[in-house]
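Residue strings, one per chain:
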Amino acid sequence: ELSLSLSCCPTMAGRDFVGYGGKLPRVQWPGGARVAVQFVINYEEGAEGCVLNGDPASEHLLSEIVGVAPYQGVRHLNMESLYEYGSRAGFWRLHRLFTQHGLPATVYACGKALEMNPAAATAMKTAGFEVASHGYRWIDYQYVGEEVEREHIRKTIQVHQKLVGERPLGIYQGKPGPNTRRLIVEEGGFLYDADSYADDLPYWNNDYGRPHLIIPYTLDANDMRFAQGLEGQDYFEYLKDALDQLLEEGETEPKMMSVGLHCRVVGRPGRARALARFLKYVKSKQSDVWVCRRVDIARHWHKHHPPAFAGPAKL
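Residues numbered from 1 in each chain as written. Predicted model: local features only at pLDDT ≥ 70, side-chain atom pairs only at ≥ 80, totals over all residues. Heavy atoms only, no water.

1. Side note on the overall build of the chain
Then comes step 1: Along the chain, the regular secondary structure elements total 8 helices and 9 strands.
Then comes step 2: Compactness check: the chain gives a C-alpha radius of gyration of 20 Å against a globular reference of 20 Å for 315 residues, within 12% of the reference.
Then comes step 3: Residues classed as buried in the chain amount to 50% of the 315 residues present.
Then comes step 4: Counted over contacts in the chain with a minimum sequence separation of 6, partners at least 24 positions apart contribute 71%.
Then comes step 5: On the chain, the mean spot of the 36 positive side-chain charges and the mean spot of the 38 negative ones are 6 Å from each other. (Helix = DSSP H or I, 4+ residues; strand = E, 2+ residues; numbered from the N terminus. Rg over C-alpha atoms; globule rule 2.2 N^0.38 Å. Buried < 20%, exposed > 50% of the residue type's maximum accessible area, 1.4 Å probe, protein only. Contact = heavy atoms within 4.5 Å. Lys, Arg positive; Asp, Glu negative; His and termini not counted. Charge placed at Lys NZ, Arg CZ, Asp CG, Glu CD.)

2. Some thoughts on the pairing of strand β3 (residues 130–133)
Then comes step 1: Because side chains alternate across β3, one face comprises the buried residues Glu130 and Ala132, and the other comprises Val131 and Ser133, equally buried.
Then comes step 2: Relative to β3, strand β2 (residues 106–109) runs parallel, the two sharing 4 bridges. Note on β3: the bridge partner recorded for Tyr108 is Ala132. (Pairing = 2+ DSSP bridges.)

3. Side note on the packing of helix α4 (residues 146–163) against helix α5 (residues 180–187)
How two helices sit against one another is set out by the angle between their axes and by the gap between those axes.
Then comes step 1: Running from N to C, α4 and α5 cross one another at 45°; their axes reach a closest spacing of 10 Å. By the angle between their axes, α4 is oblique relative to α5. Helix-helix and strand crossings are classified by hand; for α4 and α5 the assignment is right-handed. Between α4 and α5, the contacting residues are Glu146, Glu149, Arg150, Ile153 and Ile157 on the first element and Thr180, Arg182, Leu183, Ile184, Glu186 and Glu187 on the second.
Then comes step 2: Here the contact of α4 with α5 is composed, by residue class, of 4 nonpolar, 1 polar and 6 charged. (Axes fitted to C-alpha atoms, helices over the stretch in contact; angles between N-to-C directions. Parallel < 35°, antiparallel > 145°, perpendicular 65-115°, else oblique. Left-handed = near helix turned anticlockwise from the far one by under 90°. Nonpolar A, V, L, I, M, F, W, Y, C, P; charged D, E, K, R; others polar.)

4. Description of the pattern of salt bridges
Then comes step 1: Enumeration over the complete set of coordinates arrives at 17 salt bridges.
Then comes step 2: Put simply, Asp55 and Arg137 hold a salt bridge, and the shortest N to O gap is 2.5 Å. A residue pair is termed long-range when its members are at least 10 positions apart, and Asp55 in the loop between β1 (35–43) and α1 (77–101) and Arg137 in the loop between β3 and α4 qualify at 82 residues. Comparing Asp55 with Arg137 shows no difference in burial state: the two are buried.
Then comes step 3: The network of salt bridges with shared partners includes Glu146, Glu147, Arg150, Arg182 and Glu186. (Salt bridge = Lys/Arg side-chain N within 4 Å of Asp/Glu carboxyl O.)

5. Section: the pairing of β1
Then comes step 1: Taking burial as the measure, the 9 residues of β1 include 9 buried ones, the bulk of the element.
Then comes step 2: Alternating residues of β1 divide into Val35, Val37, Phe39, Ile41 and Tyr43 and Ala36, Gln38, Val40 and Asn42, and every residue in both groups is buried.
Then comes step 3: Across 8 bridges, the pairing between β1 and strand β8 (residues 255–262) is parallel. Within the sheet, the bridge partner assigned to Val35 lies in β8 and is Lys255.
Then comes step 4: Bridge count for β1 against β2 is 4 bridges, and the pairing is parallel. Across the sheet, Val40 pairs through a bridge with Thr106, a residue of β2.
Then comes step 5: Once the chain exits β1 it traverses α1 before rejoining the sheet at β2, and the crossover so formed is right-handed. (Right-handed = clockwise from strand over helix to strand, strands pointing away.)

6. What to know about the nonpolar core
Then comes step 1: If you look at the biggest cluster of nonpolar residues, it comprises 58 residues, and the most contacted ones within it are Phe39, Tyr43, Phe98, Leu243 and Phe278.
Then comes step 2: Broken down by element, this core gets its largest block of residues, 8 residues, from helix α7 (residues 269–284).
Then comes step 3: Setting aside residues up to four positions removed in sequence, Tyr43 forms contacts with Ser87, Phe91, Val107, Tyr108, Ala109, Cys110, Ala113, Leu114, Asn117, Ala120, Met124 and Cys263.
Then comes step 4: Counting residues in hydrophobic clusters, the runner-up holds 22 residues, among them Val27, Ala33, Ala194 and Leu201. (Core = buried A, V, L, I, M, F, W, Y, C linked by side-chain atoms within 4.5 Å.)

7. Brief notes about helix α6 (residues 232–249)
Then comes step 1: Between the first and last C-alpha of α6 there are 26 Å, a value that for 18 residues agrees with the 26 Å anticipated at 1.5 Å per step.
Then comes step 2: Looking at α6, one finds that the buried residues are Gly232, Tyr235, Phe236, Leu239, Leu243, Leu246 and Leu247. Taken around the axis of α6, the buried residues stretch over an arc of 105°, which confines them to a single face.
Then comes step 3: Tucked inside the fold, the buried residues of α6 contact β1, β8, α7 and β9 (289–291). (Expected span 1.5 Å × (residues − 1). Arc of directions from axis to C-beta.)

8. Section: the packing of aromatic side chains
Then comes step 1: Per the counting criterion, the structure on display carries 11 aromatic pairs.
Then comes step 2: Seen in terms of ring centroids, Phe39 and Phe98 are 5.3 Å apart; in terms of plane orientation they differ by 65°. Their pairing is edge-to-face. Taken together, the residues span a long stretch of sequence, with Phe39 in strand β1 and Phe98 in helix α1 at a distance of 59 residues.
Then comes step 3: Accessibility expressed as a relative area gives 0% for Phe39, which makes it buried.
Then comes step 4: With a centroid separation of 5.2 Å and an interplanar angle of 70°, the aromatic rings of Tyr108 and Tyr217 are classed as edge-to-face. With Tyr108 in strand β2 and Tyr217 in the loop between β7 (212–214) and α6, the pair connects residues that are 109 residues apart, well separated along the chain.
Then comes step 5: Members of the aromatic cluster, joined through ring pairs, are Phe39, Phe98, Phe129 and Phe278. (Phe/Tyr/Trp six-rings, centres within 6.5 Å; stacked < 30°, edge-to-face > 60°.)

Dropping the structure here:
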């Protein structure tokens, strides 16, 4: 029998259901923009689950094969080649799109994936993309031991320094575990993490002894929905509607819009066409839109919205 207590506390340890509430900060994006738009290219190919990487099973997420189960103990050759398309062809199509349009991007790059294709790392840097950490492997860190995850964070920084020429200032583990944020704060060199979908604006977290900036990411304006049946024109219309809504709200309450991309997904020709259409639409609104990298938002927030309280450690 379900029992409900009227004295229930409206909070849960480690969770925040209130956020800014009805009192949003007075945000002034550069140029008086109503919306800060960031495009994020997830670069994961080569870091996914594969027995060749010592994993117990093949990858099963975010590909053209909907509903596939992992193959235990053996390779899944179709899945492998779908991922390889992302690094061999899809990345370069996205690279051309953004450079031809003169638009910046953030890349969430797995360390292992960069090691598999150093030329892509060089191209990211040359294009002026922000290259943020996406962990060393594109795996679920929920049950990964603390020491292993700490080593993965450290190793990814080293890979970025070697192949990109500088350490990452942002991190999106993507499939974080219970230790992830604490380990990020402990490492001390990140301006922000993105393992949250909780708001339309950045916010400060004080759980681990010092203020730590979180820039929420997106799973709705994300090409992963192609794998759920939302194709070209529908995806474009969704992105357009999201931007139009935020532009309307931004007349008095500026916010941000994140767009998530994957080389093996939107890097396919038909989907890239829909993305190109949206890039043109964004440029048509350039007087009201600040197209930026996530690190640009982090620096803006650190400067203009510093933390008000550095609360005690909650370890």
